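Secondary and tertiary structure notes
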Amino acid sequence: MFKKIELVKTVYTKGEYPPPFDNEIAFAGRSNVGKSSLLNKLFGIKIAKISSNPGKTRSINFYNVDNKGYLVDLPGYGFANVSKEEKKKWAQLLEDYFVNRYSLQMVFLLIDHRHEPQKKDLEMIQWLKELGIPFMIVLTKVDKVKKSERIKKLNIIKSTLSKYGDYIYFPVSSNTGEGIGDLKNEIIRLFR
Ligand code: GDP
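Report follows, based on the coordinates. This structure is a prediction, so every number in the text was calculated from the model and none was measured.

Let us look at the overall build of the protein. The secondary structure content of the protein amounts to five helices and seven strands. Traced from its N-terminal end to its C-terminal end, the protein shows the element sequence β-β-α-β-β-α-β-α-β-α-β-α. The C-alpha atoms of the protein give 16 Å as radius of gyration, which agrees with the globular expectation for 192 residues (16 Å, within 12%). Counting only C-alpha atoms and orienting by the principal axes, one finds that the protein spans roughly 45 × 40 × 30 Å.

Here you go:
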């Protein structure tokens, strides 16, 4: 499906983004939500493991996908033990990217299927909404939710988010591969 994925740029400073393609999609979510595992599963790329080193996480990583567009790995949010200064820097970098990156088509926002969206997730949704950036919700680690519980959990999440809008949900598991095909098809559609 995807053949050549190349890390093009790691950005720590706002504005220093690579020249845009027509296509650009980004992945966002709380740290530990399963973003690295998902990107690995979807694109076959090994994302450097950063969760254990919060100080080193404030970068936006641009990957060239088959010369068709960029896949953008946004820094995970919601770390404990991060200084106010660090959080501010992260927010400024992300805000600049969201506000100024006209080539950004879609954000995939990752939320853990097991839990209700947390405050930071809701803040992110509010933010994307205010900035008019289209996004879809990826519910991660679906393998950890019993089949009999899934609809119930999904409905709780949908109902929490319904005050923001109606969204498309992709329940996925990087462990079992469940739902990965549907998400991949959506990405292929966006990269067309
Ligand atoms: P990141 O911090 O968002 O990049 O999250 P990681 O991809 O590093 O995953 C955090 C933890 O969740 C790791 O222990 C992963 O093995 C685990 N994990 C990630 N995806 C899945 C999944 O689909 N199912 C299960 N059961 N565990 C997962």
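Moving on: unusual backbone geometry. Phi is positive for Asp66, which is not a glycine, with a value near 50 degrees. Structurally, the position occupied by Asp66 is in the loop between β3 (60–65) and β4 (69–73). The backbone of Asn67 sits at a positive phi, close to 55 degrees, despite the residue not being glycine. With respect to the secondary-structure elements, Asn67 resides in the loop between β3 and β4. On the basis of relative accessible area, Asn67 is assigned to the exposed category, the value being 60%.

For the pair helix α1 (residues 35–43) and helix α5 (residues 180–190), interaxial distance at closest approach is 10 Å and the crossing angle is 75 degrees. The angle between α1 and α5 places the two elements in the roughly perpendicular class. Counted together, Leu38, Lys41, Leu42 and Phe43 of α1 and Ile180, Leu183, Lys184 and Ile187 of α5 form the full contact between these two elements. Considered class by class, the residues forming the contact of α1 with α5 number six nonpolar, no polar and two charged.

Analysis parameters
- Residues numbered from 1 in each chain as written.
- Predicted model: local features only at pLDDT ≥ 70, side-chain atom pairs only at ≥ 80, totals over all residues.
- Heavy atoms only, no water.
- Helix = DSSP H or I, 4+ residues; strand = E, 2+ residues; numbered from the N terminus.
- Rg over C-alpha atoms; globule rule 2.2 N^0.38 Å.
- Buried < 20%, exposed > 50% of the residue type's maximum accessible area, 1.4 Å probe, protein only.
- Axes fitted to C-alpha atoms, helices over the stretch in contact; angles between N-to-C directions.
- Parallel < 35°, antiparallel > 145°, perpendicular 65-115°, else oblique.
- Contact = heavy atoms within 4.5 Å.
- Nonpolar A, V, L, I, M, F, W, Y, C, P; charged D, E, K, R; others polar.

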